[in-house]
Amino acid sequence: MIKNGRANFGSKLGIILASAGSAVGLGNIWRFPYETGNYGGAAFIFIYLGCVLVLGLPIMIGEFLIGRRSRANTAGAYQILAPGTQWKWVGRMGVLAGFMILSFYSVVAGWTLEYVFEAIGNGFAGKTPDEFVNSFQSFSGNPWKPVIWLVLFLLSTHFIIVRGVEKGIEKFSKIMMPMLFVLILILVGCSVSLPGASKGIEFLLKPDFSKVDSNVILAAMGQAFFSLSLGMGCLCTYASYFNKDVNLTRTAFSVGIIDTFIAILAGFIIFPAAFSVGIEPDAGPSLIFITLPNVFQQAFSGAPWLAYIFSVLFYVLLAVAALTSTISMHEVVTAYLHEEFKLSRKRAAWMVTGGCIFFGILCSLSLGVGKGFTLFGLGMFDLFDFVTAKIMLPLGGMLIAIFVGWYLDKKIVWEEITNNGTLKVYAYKTIIFILKYIAPIAIAIVFINELGFI
Ligand code: PHE
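As a starting point, this report considers the structure included with it. Note that residues are indexed from 1 along each chain, following the sequence as it is written. Predicted model: local features are reported for residues with pLDDT of at least 70 only, side-chain atom pairs are reported and counted for 80 or more only, and whole-chain, interface and lining totals are derived from all residues. To get the side-chain values, all heavy atoms of the structure are used, and hydrogens and water are removed first.

1. Observations regarding the overall build of the protein
We count a stretch as a helix when DSSP gives it H or I for four or more residues in a row; a strand needs E for two or more, and each element gets its number in order from the N terminus. Along the protein, the regular secondary structure elements total 18 helices and two strands. Against the compact-globule benchmark of 22 Å for 454 residues, the protein has a radius of gyration of 21 Å, which places it among compact chains. Reported as C-alpha extents along the three principal axes, the dimensions of the protein are approximately 60 × 50 × 45 Å. Between buried and exposed lies partly exposed: a residue is buried under 20% and exposed over 50% of the maximum accessible area for its type, with that area taken using a 1.4 Å probe on protein chains only. Across the 454 residues in the protein, those meeting the buried criterion constitute 59%. Contacts are assigned to residue pairs with any non-hydrogen atoms lying within 4.5 Å of each other. Taking the intrachain contacts of the protein between residues at least 6 apart in sequence as the baseline, contacts between residues at least 24 apart amount to 82%. Of the charged side chains in the protein, 31 are positive and 24 negative; the average position of the first set lies 12 Å away from that of the second. Radius of gyration: C-alpha atoms only; globule rule: 2.2 Å multiplied by the number of residues to the exponent 0.38. For the purpose of charge, His is not counted, nor are the chain termini; Lys and Arg are scored as positive and Asp and Glu as negative. Note that the charge is assigned to NZ on lysines, CZ on arginines, CG on aspartates and CD on glutamates.

2. Topic: the site of the ligand
Each residue is tested against the molecule or strand, and it is near if at least one of its non-hydrogen atoms lies within 4 Å. Near the ligand lie 16 residues; those nearest to it are Ala23, Gly27, Tyr105, Phe226 and Ser229. Identification of polar contacts relies on pairs of N or O atoms within 3.5 Å, with a donor-acceptor requirement for protein atoms, meaning one able to donate a hydrogen and the other able to accept it, and with residues adjacent in sequence counted only if both atoms are side-chain atoms. At 2.8 Å from a nitrogen atom of the ligand is found a main-chain nitrogen or oxygen belonging to Phe226. Per-residue and other accessible areas were derived by the Shrake-Rupley procedure at a 1.4 Å probe size, with only the shown protein chains allowed to occlude residues. In the complex, 100% of the free accessible area of the ligand, which totals 320 Å², lies under the protein chains. Within the shell around the ligand, the residues separate by chemical class into eight nonpolar, eight polar and no charged. Under the scheme applied here, ten amino acids are nonpolar (Ala, Val, Leu, Ile, Met, Phe, Trp, Tyr, Cys and Pro), four are charged (Asp, Glu, Lys and Arg), and all others, including Gly, are polar.

3. Concerning the packing of helix α2 (residues 26–38) against helix α3 (residues 42–70)
Between the N-to-C directions of two axes lies an angle of 0 to 180 degrees, each axis being a line fitted to C-alpha atoms and, for a helix, fitted only over the stretch in contact. Interaxial distance between α2 and α3 falls to 7 Å at its minimum, and their mutual angle equals 125°. Put simply, α2 runs oblique to α3. When you trace α2 past α3, the crossing you get is right-handed. Every residue of α3 that contacts α2 at Phe32, Glu35 and Thr36 is listed here: Phe44, Ile45 and Tyr48. Taken together, the residues that form the contact of α2 with α3 break down as four nonpolar, one polar and one charged. Orientation categories follow fixed angle ranges, with anything under 35 degrees roughly parallel, anything over 145 roughly antiparallel, 65 to 115 roughly perpendicular, and all other angles oblique. The sense of a crossing depends on the near helix, which, turned anticlockwise from the far helix by less than a right angle, makes the crossing left-handed and, turned clockwise, makes it right-handed.

4. Digging into the packing of α3 against helix α17 (residues 410–417)
Taken N-terminus to C-terminus, the directions of α3 and α17 make an angle of 95°; their axes are 10 Å apart at the nearest point. Between α3 and α17, the crossing angle belongs to the class labelled roughly perpendicular. In this structure, α3 uses Ile61, Leu65, Arg68 and Arg69 to contact α17, whose residues at the interface are Ile412, Val413, Glu415, Glu416 and Ile417. Per-class residue counts for the contact of α3 with α17 are five nonpolar, no polar and four charged.

Printed below as a string of structure tokens:
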């Protein structure tokens with residue numbers, strides 16, 4: 001649908017699914033479980049949920065309103081709403097964060113493609129847990145294979161971006177998201193019925209708050225921003241394609257609930273299975289790739305054809321979930337280059353794809369042959385992940401909260417949240433209070449704590 005010369009999403013369901021498609025991705029199924037494993041389990045999840053509810057949802061509403069009001073890419077949005085000020089840097093930082101996330105995220109997205117083909121070739125059959133660990137390590141450390149998949153993945157993202165918003169992004173999300181959800185439910189059922197699964201369930205539900213320190217809080221907050229695609233203008237860019245009658249608060253809640261639910265379910269697939277086969281929960285980024293194949297093998301040991309079908313389906317849908325997220329990051333940077341530098345959309349998209357292939361390759365190599373090259377003790381992959389999720393996104397979120405809570409005209413905020421007074425938003429005052437006080441102060445405290453000032 002083209003309105004005022006700019007593309008729009010076609011339907012309300014399409015809007016929710018496309019935004020949820022951005023939010024739901026490797027962040028839920030790959031990153032959430034391994035961060036939960038690294039930071040001790042249930043207590044991390046508790047803090048994570050708090051961050052989603054108290055920081056994530058109000059800031060998401062803030063991003064939505066900036067995007068829909070300005071109808072521009074994220075950097076342009078600040079120039080329209082706050083002309084002549086430095087607020088544009090919030091948008092620009094978001095564009096940079098999007099570019100950096102896309103670079104390392106595509107590496108993992110590429111791994112999912114390798115696993116799709118492994119599953120199709122029945123490569124998991126008959127392997128022991130140790131063999132899964134070894135084959136992942138030799139694959140991810142290989143200088144060529146992951147790079148080829150990464151390039152393929154970025155090119156797929158590229159071609160969908162070039163097809164445009166409605167045809168490309170919306171149609172895709174509408175079919176794939178519900179399928180992924182059903183499959184995840186089935187896998188939860190399988191995983192929790194494995195022998196010894198109860199230890200994993202306990203790990204997810206019994207919090208040990210004695211282990212919580214500022215590191216855990218920063219990680220949980222970063223994960224909340226990462227998983228909700230917040231703090232970098234992604235949902236702001238999507239909202240610039242929303243119609244005037246979209247209920248921003250309700251959309252934010254729907255996206256938040258879907259995203260959180262899928263992350264928690266992913267936890268219920270991974271940990272019962274990991275404990276069942278004896279994989280340590282803090283295995284890091286490899287966690288889902290070494291745990292999940294075991295779920296398929298063991299849960300369906302009596303029916304190998306079911307193991308086959310489910311493993312193929314799962315990795316295909318995981319790749320698709322990753323794709324709907326990479327599309328959203330790519331869109332942020334492409335829309336920025338296209339609108340701010342007056343490049344054609346195609347040309348802008350090629351620049352993003354090319355740049356991400358370059359940095360993506362460096363990220364990929366940093367896990368294998370390039371292990372020795374580190375900055376601040378981190379390889380490129382870990383550095384990009386750390387700087388974006390734990391610094392740029394929360395910082396972006398804090399600035400967005402301040403922008404909406406303090407800078408923006410109250411009338412604009414009211415008009416956007418209530419659709420010019422036609423909607424009754426019961427949480428209105430709470431949302432504003434959080435954006436004004438709670439979010440900026442809470443994020444600042446976590447940062448200051450982490451930097452060691454307190
Ligand atoms: N939210 C996505 C995921 O969980 C990742 C993402 C981060 C997408 C930031 C866009 C912007 O996989």
